[in-house]
Structures are given as structure tokens and as C-alpha cells.
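Next come the chains, spelled out residue by residue.
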Amino acid sequence: DAKTTQPPSMDCAEGRAANLPCNHSTISGNEYVYWYRQIHSQGPQYIIHGLKNNETNEMASLIITEDRKSSTLILPHATLRDTAVYYCIVRPYTNAGKSTFGDGTTLTVKP
Amino acid sequence: DAMVIQNPRYQVTQFGKPVTLSCSQTLNHNVMYWYQQKSSQAPKLLFHYYDKDFNNEADTPDNFQSRRPNTSFCFLDIRSPGLGDAAMYLCATSREGAASGDGYTFGSGTRLTVV
């Protein structure tokens, strides 16, 4: 399985954009990039995913580099409720494959 | 709303006493996973069921077993819990094919305490 590397922690001012990087240099062609977040004592929550094109939904934007070796999750206007651990995962196309959680980034949004 | 439900939310068990955690889903997903998450660590996959096929991770201790009697339910059995098994146990589901966009749907977890 491809591994991911994320900074252990980041701070962001409330109302500003939070940009969370992820390195997945060993990603293979059939693997998607998924982002999840986990608020304390809850299960991880799906945010967004992509293969090679940039993606946007109501929660966030995902920017994937052309070589697919890294990506950035963008929370356009961070709020205090966005304080959480953010996990970047690469996941094989087939469900029979599994994905490994990296250590994640603890994002702290400050007033 | 379709969801993944884990019961109980908190479980206290005695050292060495078998314990079962349950997970149910209304998503009709064909794959179900069990993860173990210790304090301040990332979730670690224990095993998963692809339909009825059980897939164990190489480093999952024999003390951990699982059952999936039907599509909707999956159980995690810990035969002889030790103090080191205290953790949050997360159940997740997914539907075949990442392009479906569902990814993994997680339950809220069961926090297991061993005394």
C-alpha cells in the first residue's frame, strides 16, 4: 500500500483558508486520494477524494499535483469546528484492497 | 439516514473476560472493516470482510476474531482482553469500487476499557 506523510500539526486563524499538505510519492495509477477528518472521540468523517483532477465540494477543495505524488486539502474559510485530526489516505480502486492511515495532521483553528 | 451504528459506545470488560463489539449498517455496503485506534494514534486495520470473505491483517493478534452473519452486521470478538487492548474500535463500511465516491463510512466507535 502506498504510504502518506503529513505534518503532525498546523494552526490556522478562524476565517482564513487552511491548506493541509500530504505526500504520497509511492501512489500507483489505480489509487485514489481520500481525505478524512476525526473530531475527538468520533469516527473519521469523509471529506473529499480524487484521482488526478482537482475536486471541490461543499466542505473543501482537493488539489492533486500533476505527478500525483502530493496533494493539498483546502478548507476555504476555517471555523473553530474544523479543529480536528485530518487524515490523507491512498486507496486502491477495488474494495478488496485496504488503505493505511498515516499519522494525520492535527489542525487547530484559533479565534 | 443510512449509517453505521456501533454498540455499545463505551464498554468496560475485565482482564481476560471475552467481549464482543457489534456493528450494523443500513448502507448495504458489501465490505466491512474493523479498526483499532489507541490514544493519539491513527486507526489501524485489524481485518475486513469482502462480502463473506474474511481478510485478516498479518499483524492482527489471534486474540481478535470477527464474524459477519449477514450483510448488515459484523462483530468483533476479543477472546481474552489484555490491558493493551484498551482502545477505540472503529467499524467502517464501503461499497465496491472507489469511483462510487462513497469511500469509507465509519461508525462512532466503541471505546473499550479493560480493568
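Residues numbered from 1 in each chain as written. Chains lettered and ligands numbered in written order. Predicted model: local features only at pLDDT ≥ 70, side-chain atom pairs only at ≥ 80, totals over all residues. Heavy atoms only, no water.

(A) Representation of the sheet that holds strand β1 (residues 4–7) of chain B. Residue and element names in this part refer to chain B. Pairing is antiparallel in the open sheet, where four strands are placed in the order β1-β3-β8-β7. In this open sheet, the two strands that pair with only one neighbour each are β1 and β7 (64–67). Recorded for the sheet is a direction-independent mean angle of 20° between the axes of neighbouring strands. Where strand β3 (residues 19–25) and strand β8 (residues 73–78) come together, six bridges link them in antiparallel fashion. (Pairing = 2+ DSSP bridges. Helix = DSSP H or I, 4+ residues; strand = E, 2+ residues; numbered from the N terminus. Axes fitted to C-alpha atoms, helices over the stretch in contact; angles between N-to-C directions.)

(B) View of the interface of chain B and chain A. Contacts between the two partners involve 28 residues from chain B and, on the opposite side, 22 residues from chain A. Taken together, chain B and chain A are joined by zero salt bridges. Connecting chain B to chain A are five residue pairs in polar contact (both at pLDDT 80 or more). Residue assignment for the side of chain B that touches chain A shows that the elements contributing at least two residues are β4 (31–37), β5 (44–50) and β9 (87–94) of chain B. No other element matches the four residues that β4 of chain B contributes to the side of chain B that touches chain A. For the side of chain B that touches chain A, a count of residues per class yields 13 nonpolar, 10 polar and five charged. (Contact = heavy atoms within 4.5 Å. Salt bridge = Lys/Arg side-chain N within 4 Å of Asp/Glu carboxyl O. Polar contact = N/O pair within 3.5 Å; in protein donor to acceptor, adjacent residues only side chain to side chain. Nonpolar A, V, L, I, M, F, W, Y, C, P; charged D, E, K, R; others polar.)

(C) Region of the structure containing unusual backbone geometry. The omega torsion across Asn7 of chain B and Pro8 of chain B is -10°, close enough to zero to call that bond cis. Along the chain, Pro8 of chain B falls in the loop between β1 and β2 (10–13). Positive phi is not limited to glycine here, since Arg68 of chain A has a value of about 65°. Tracing the backbone shows Arg68 of chain A in the loop between β6 (61–64) and β7 (70–75). Residue class for Arg68 of chain A comes out buried when judged on its relative accessible area of 11%. Phi is positive for Asp51 of chain B, close to 55°, though the residue is something other than glycine. Asp51 of chain B gets classed as partly exposed once you look at its relative accessible area, which sits at 39%. (Buried < 20%, exposed > 50% of the residue type's maximum accessible area, 1.4 Å probe, protein only.)

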